[in-house]
Amino acid sequence: MRFSNQFDSSKATNIWDILKWKLGTSQKKIKEYPTLKTKNDASLLDSKQDFICWLSHASFLIQLKGKRFLIDPIFGNIPFFKRELAFPYGVETLGKIDYLLLSHTHYDHFDTSSIKQILPQKPQLILPLGMEPYLQKLDKNASIVTLDWYQSYRINEQLTVHFVPAKHWGRRTLFDTNRALWGGFIIKSNKHTLYFAGDTAYDTHFKEIGKRYTIDYALLPIGAYNPQFFMKHHHLNPQEAYQAYQDLNAKTMIPMHYGAFKLTDEPINEPEAWIDKIKEKHSADIYKMKVGEVL
């Protein structure tokens, strides 16, 4: 089985555009910006209060109502890409992970080495439809819940996880394109609603999600967008992320998916400089977290 829908951007991925990108000149002589700021005070992770901790790239540690959610963990390097900054904490300092959420099968979101370090804790896995076989290869006894778009998993009376659409796709080998669904997550307590977008290009799904949920914090990707002719089908640039934040009618935007890996052609911290200009221009409630910061 393969997943195909109106938000499937694998159709915009072909060998000729990849060759045009890789054989072009846009990757040469790129001026780099300063590296991201980090904050790694592990004592902050001992808090009993609700918090969001950005672990770099699209990895987050979130605590709500005493439960810890780890999303798309990447502790080290990934195939073909080395980290540009260190992971802010030792894995042992992250505490007991109650729920492990994975958004899709691409290597910079689904890292088997990192996941293997968490699985001995026996977290509840919350995954897109079709991803179960990938995790069963790592732990045949893992506790797994799979969700379709707009399906939900109720943890208790105060906590629910919803899976929501994204304009993207998934693949780990040449032969498993879209064998698993892709998307984002809404994590909702009786006090806070957080939206993690995963990887996504811009489309109408943001307005639909905004109609269904009252979002306090929108965790939106802003990096990996050049060259535009190719990447616009798969990722948001900072301006598109700001438009998505408006479509969602979210209270606060938290940028992510930049600064840790040089995946595409833009200077590694250009997204950061661009989102700073957008925040200043629009006086927007954009909270740019330090890597390792606990909010």
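Anything mentioned here points back to the structure above.
1. Notes on the overall build of the protein chain
Of regular secondary structure, the protein chain possesses seven helices and twelve strands. Taken along its principal axes, the extent of the C-alpha atoms in the protein chain is 50 × 45 × 40 Å. Out of the 295 residues in the protein chain, the part that is buried amounts to 56%. The long-range fraction of contacts in the protein chain, counting pairs at least 24 apart against all pairs at least 6 apart in sequence, stands at 69%. About 13300 Å² of surface is accessible on the protein chain, with carbon and sulfur atoms providing 50% of the total. A distance of 1 Å separates the average location of the 38 positive side-chain charges in the protein chain from that of its 31 negative side-chain charges.

2. Some details on the packing of helix H4 (residues 205-212) against helix H6 (residues 238-248)
Between H4 and H6, the shortest axis-to-axis distance is 7 Å and the interhelical angle comes to 30 degrees. Here H4 and H6 pass one another in a crossing that is right-handed. The segment H4 lies against H6, with Phe206, Lys207, Ile209 and Gly210 engaging Ala244, Asp247 and Leu248. Partitioning the contact of H4 with H6 into residue classes produces four nonpolar, one polar and two charged.

3. Quick look at the packing of H6 against helix H7 (residues 270-282)
Two elements in contact, H6 and H7, have axes whose closest approach is 9 Å; the angle formed by their N-to-C orientations is 45 degrees. Comparing the axis directions of H6 and H7 gives the class oblique. Seen along the crossing, H6 lies across H7 with a hand that is right-handed. Of the residues in H7, those in contact with Pro238, Gln239 and Tyr242 of H6 are Pro271, Trp274, Ile275, Ile278 and His282.

4. Re H6
The periodicity of an α-helix, 3.6 residues per turn, causes residues three or four places apart in sequence to face the same way. Those residues of H6 that fall on the buried side of the exposure criterion are Pro238, Ala241, Tyr242, Ala244, Tyr245, Asp247 and Leu248. Close packing links the buried residues of H6 with strand S10 (193-196), H4, strand S11 (217-221), strand S12 (252-256) and H7. The distance from a side-chain oxygen at the start of H6 to the backbone nitrogen of Gln239 is 3.0 Å, and the residue carrying that oxygen is Asn237. Asn249 occupies a position one or two residues after H6 and carries a positive phi of about 55 degrees.

5. Observations concerning the side chain of Asp199
If you trace the backbone, Asp199 turns up in the loop between S10 and H4. Among buried Asp, Glu, Lys and Arg side chains, Asp199 stands out as unpaired, with Arg172 the closest opposite charge at 11 Å. Among the polar contacts made by the side chain of Asp199, one reaches the side chain of His109 at a distance of 3.0 Å. Here His257 takes part through its side chain, which lies 2.9 Å from a polar atom of the side chain of Asp199. Apart from the residues within four sequence positions on either side, Asp199 is in contact with His104, Asp108, His109, Ala166, Lys167, His168, His234, His235 and His257.

6. What to know about the pairing of S11
It is a general feature of regular strands that their side chains alternate between the two faces of the sheet. Of all five residues that make up S11, four are buried, and the element is covered over most of its length. Here three bridges tie S10 to S11, and the two strands are oriented parallel to one another. Paired with Tyr195 across the strands is Ala218, a residue of S11. Handedness of the crossover is the feature at issue here: the chain leaves S10, passes through H4, returns alongside S11, and the resulting connection is right-handed. Taken together, the five bridges between S11 and S12 define a ladder with parallel strand orientation. By the bridge assignment, Leu220 is partnered in S12 with Pro255.

7. Quick notes on the packing of aromatic side chains
Within this structure, the stated rule accounts for ten aromatic pairs. The interplanar angle of 45 degrees and the centroid separation of 6.0 Å between the aromatic rings of Tyr242 and Tyr245 together place this pair among those described as tilted. With a gap of three residues between them, Tyr242 and Tyr245 both fall in helix H6, about one helical turn apart. The same class applies to Tyr242 as to Tyr245, namely buried. One residue, Arg172, lies across the ring of Tyr107, its end atom 4.0 Å from the ring centre. Over the aromatic face of Phe110 sits the side chain of Arg172, whose NZ or CZ is 4.3 Å from the ring centroid.

8. Overview of H4
Inspection of H4 places His205, Phe206, Ile209 and Gly210 among the buried residues, and these make up the whole buried set. Projection of H4 onto a plane perpendicular to its axis shows the buried side chains occupying an angular sector of 140 degrees, all on one side. Where the residues of H4 are buried, they touch strand S8 (159-164), strand S9 (184-189), S10, S11 and H6.

9. Section: the nonpolar core
Ranked by size, the top nonpolar core spans 64 residues in total, and within it Ile62, Phe69, Tyr195 and Leu220 carry the most contacts. Leave out the neighbours within four places in its chain, and Tyr195 touches Val164, Pro165, Phe185, Ile186, Phe206, Ile209, Ile215, Tyr217, Ala218, Leu219, Leu220 and Leu248.

How each quantity is defined
- Residues numbered from 1 in each chain as written.
- Predicted model: local features only at pLDDT ≥ 70, side-chain atom pairs only at ≥ 80, totals over all residues.
- Heavy atoms only, no water.
- Helix = DSSP H or I, 4+ residues; strand = E, 2+ residues; numbered from the N terminus.
- Buried < 20%, exposed > 50% of the residue type's maximum accessible area, 1.4 Å probe, protein only.
- Contact = heavy atoms within 4.5 Å.
- Areas by Shrake-Rupley, 256 points an atom, 1.4 Å probe, with all protein chains shown as cover.
- Lys, Arg positive; Asp, Glu negative; His and termini not counted.
- Charge placed at Lys NZ, Arg CZ, Asp CG, Glu CD.
- Axes fitted to C-alpha atoms, helices over the stretch in contact; angles between N-to-C directions.
- Left-handed = near helix turned anticlockwise from the far one by under 90°.
- Nonpolar A, V, L, I, M, F, W, Y, C, P; charged D, E, K, R; others polar.
- Parallel < 35°, antiparallel > 145°, perpendicular 65-115°, else oblique.
- Polar contact = N/O pair within 3.5 Å; in protein donor to acceptor, adjacent residues only side chain to side chain.
- Salt bridge = Lys/Arg side-chain N within 4 Å of Asp/Glu carboxyl O.
- Pairing = 2+ DSSP bridges.
- Right-handed = clockwise from strand over helix to strand, strands pointing away.
- Phe/Tyr/Trp six-rings, centres within 6.5 Å; stacked < 30°, edge-to-face > 60°.
- Lys NZ or Arg CZ within 6 Å of the ring centre and 35° of its normal.
- Arc of directions from axis to C-beta.
- Core = buried A, V, L, I, M, F, W, Y, C linked by side-chain atoms within 4.5 Å.

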